[in-house]
Amino acid sequence: MSSPPVRQPYPSTVAVQAVYDGDGQQGGAFFVGCPEIDRNVFEYFINRVKLLKDQCDNLQDEALLRHYASAWNKYSTGANIINQILSNTKSYSGVQEQDESRRVFSVRTMAFDKWKGILVFHLHKTIPSIVLQLINRQRDGETIDQSLVKTVVDSFVFLGIDVYEADLEMPFLNETMKYYEPESQLFLSRGNLFDYLKKVGQCLKEEERVDQYLNSGTRNKLLNKCEYMLVRPHSHLVWETFQRSLDLEKEEDLQLMYTSLFRTLKCLEPLRKKFEEHVKKAGLAAVVLCDKSEGKDSLDPGPYVDTLLQVHRKYSGFVTRIFGGEAGFVASFDKACREFVNRNAITGSSTTKSPELLAEHADALLRKNNKMTERDLEAALSHTMVLFKYIEDKDVFQTSHATKIKLSKRLFHGISVSDESEASMISKLREACGFEYTHKLQKMFTDISLSKNLTDEFNERMQNPDDTNINFSIMVLSSKCWPLRAPTNNFIIPPEILRVCNRFFRYFQTKHSGRRLTWLWDHSSNELGTNYLNQKYILMTSSYQMAVLLQYNTHDTLSLDELMITTGISKDILLQVLALLVKAKILINEDTDQYDLNTNFKSKRIRVSLNRPVRAENSELPQIIEDDRKYALQVTIVRIMKARKTLKIQPLIQEVISQLSQRFAPQIPDIKKVIDAFLDKEYIQRVDGTPDTFAYVA
């Protein structure tokens, strides 16, 4: 028992072989396995199309179009049905070898080929002409049968996109230019530019009819033609008016121009460029005014940041209200902001000034003395991140934000406004730059938390009556995460605290064997009580100041040389330390290089703060940034080469720049230096015969 025929997917793969000459006359045809069926099918389609051709010759205008559309619907349906019937006839599914003079078609393909070769070829000028007449009538306000036009257009597209483009699209575009050429001059002569632009916007909106009955690929071509005829002849006037409206901040006029032209990309691009330049100039001018009012010697980061935010806030509103947040205007706005944020009258030629000032502003917000409410502080931090997005050297902000004068100092001295606000800032940075960017900052918080527990455990274990005069607190910090450097001088630990320091070192080794501790005396702080005055004071000092003052437990006067010997502090640092103590009137310096203890010291405050940073600290930031960038270049090059195995130098450089551009702008000479260092260390090697290609050495 034979199985029922299986219906094949559309289109059919059953072949009809047809040999015919160029004018459509049959030169011989047969359906594989059944010449009689083949001949009848072929003749049926030829005769059917010829009959339709004769019928069309007796019609014209819209009647011809309706007859063509109706005939197409019936013909295409019939062709598909016949194709499926023959496709399911298994006895005619064989294929035999053909000679070079014969072409192979499916039934469906052959049927539509006859339609295109006979009927469309005969009407390829008449039908498009009628379609264009209908479209022009619609442009003039008449109502037309859009479904009729769509059926005709779809038939041309179905027969081949080349047929559609040559016979319909090209005449349509040419007719569009002819239609709008006189309209362009007529519209402008009847009113001012804004009235004209309203009309242009209306025309462009009406031309969206292309989406209703023409092929989707025609849309951009049509809008470009409209732009060419309606806007380009008056472009100089349009751009001048746009700039004048920007200068006068006429939002209604700007919005009208945008809504009239937003459908054509070529019209918007000049507007975007003018907007970008305008925002850039506004930002630079605002910074100049800020610079004059603040003065370069005592620049407060607060007004500087507020100035940048005011410009950003103002023109961000423009982008939203006037331009509807259009992606091109957003990109132009961001580009302008990036320019005036990084290069302005205050930054000069420095690429690090803006990120440093922004970091100082963030530091001021996150200090305890900030009187903002929690909600206002969160908003201020969010505003800081708005500008952070435009910073080119984000690694400078990261390093500056984490240095001893900012995050590390807040953590050292417990002067953060709150742990929640600090965590919020880190979260915002992580969201903007990723986990790797904030890893060190997060580790700094972890170190502080662990250090508190370590201090409590140590004090509890090492409690001794002999040490009751010393309250010891320690912070153990990861050297890779904290941007701090060990002091270069040979500081001599005062005997008063040496014993407890040694005890802690031994205790730490029992918990973390093999780890090396380096004391950061230039970052430590101390509190000393006075016993030589009628009034007792608590002096809050640095470790260097502590070491100097403890020498006066056994002396009333000491020379500079004697203090250098007993403390081990270098001369340049010691002079700064002594200057602060003299200024505070703790010491008296009446004779050159001679320092006496002031036994008549008085202060209105019981707790006297003497701890001030010395100038040597400020020089570390550029070196820290340089070292971090060098390390980032090394890690990135290794990562790329490990993944690619072999790579030429130019693609390698471009890949490094691409991967690091979110953190800073890598310089090509710096990249080449790292590559040369890797070659010397044999981490990578040149490929034989191609000196500009490197291979990774596992």
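Refer to the preceding data block for the structure.
Read on for a plain summary of the structure.

Rules used in this analysis
Just so you know, the residues in each chain are numbered from 1, in the order the chain's sequence is written. With pLDDT at 70 or above as the cut-off, local features in this predicted model cover only qualifying residues; side-chain atom pairs require 80 or more to be listed or tallied, and sums for whole chains, interfaces and linings still use all residues. Note: side-chain values were computed over all heavy atoms of the structure, leaving out hydrogens and water. Strand pairing is defined by DSSP finding a minimum of two bridges between the two strands. Secondary structure follows DSSP: runs of H or I at least 4 residues long count as helices, runs of E at least 2 residues long count as strands, and numbering of each begins at the N terminus. A fitted line through C-alpha atoms represents every axis, and for helices the fit uses only the stretch in contact; the resulting angles, taken between N-to-C directions, go from 0 to 180 degrees. Throughout this description, any angle smaller than 35 degrees is read as roughly parallel, any larger than 145 degrees as roughly antiparallel, any in the 65 to 115 degree range as roughly perpendicular, and the remainder as oblique. A crossing counts as left-handed when the near helix is turned anticlockwise from the far one by less than a right angle, and as right-handed when that turn is clockwise. In what follows, a contact means two residues having at least one pair of non-hydrogen atoms within 4.5 Å. As a working rule, the residues Ala, Val, Leu, Ile, Met, Phe, Trp, Tyr, Cys and Pro are called nonpolar, Asp, Glu, Lys and Arg charged, and the rest polar, with Gly in that last group. The working definition used for a salt bridge is a side-chain nitrogen of Lys or Arg within 4 Å of a carboxyl oxygen of Asp or Glu.

1. Some points on the sheet that holds strand β10 (residues 646-648)
With antiparallel pairing, three strands are arranged side by side in an open sheet as β10-β12-β11. Each having just a single partner strand, β10 and β11 (684-687) make up the two edges of the open sheet. Each adjacent strand pair in this sheet contributes to an overall mean axis angle of 35 degrees, direction not counted. Note: β11 against strand β12 (residues 690-696), four bridges, orientation antiparallel.

2. Quick look at the packing of helix α2 (residues 61-87) against helix α5 (residues 146-159)
In a pair of packed helices, the angle between the axes and the distance between the axes together describe the arrangement. Running from amino to carboxyl end, α2 crosses α5 at an angle of 55 degrees, the nearest separation of the two axes being 9 Å. What the angle tells us is that α2 and α5 run oblique. Considering how the two elements wind past one another, α2 and α5 form a crossing that is left-handed. Touching Glu-62, Leu-65, Arg-66, Tyr-68, Ala-69, Trp-72 and Asn-73 of α2 are Leu-148, Thr-151, Val-152, Ser-155, Phe-156, Phe-158 and Leu-159, all from α5. Of the residues contributing to the contact of α2 with α5, the split by class is nine nonpolar, three polar and two charged.

3. What about the pattern of salt bridges?
Counted according to the given criterion, the structure contains 23 salt bridges. The network of salt bridges with common partners includes Glu-62, Arg-66, Arg-137, Glu-142 and Asp-145.

4. Quick look at the sheet that holds strand β5 (residues 538-542)
Taken together, three strands build an open sheet; the order of strands is β4-β5-β9 and the sheet is mixed. Across the chains shown, the open sheet's two edge strands, defined by having one partner strand only, are β4 (525-529) and β9 (607-609). Averaged over neighbouring strand pairs, the angle between their axes works out to 25 degrees when direction is ignored. Here five bridges tie β4 to β5, and the two strands are oriented antiparallel to one another. Paired with Ser-525 across the bridge in β5 is Ser-542. Sheet strands touched by helix α22 (residues 543-550): β4 and β5. Its angle to β5, the strand with the most contacts, is close to 120 degrees.

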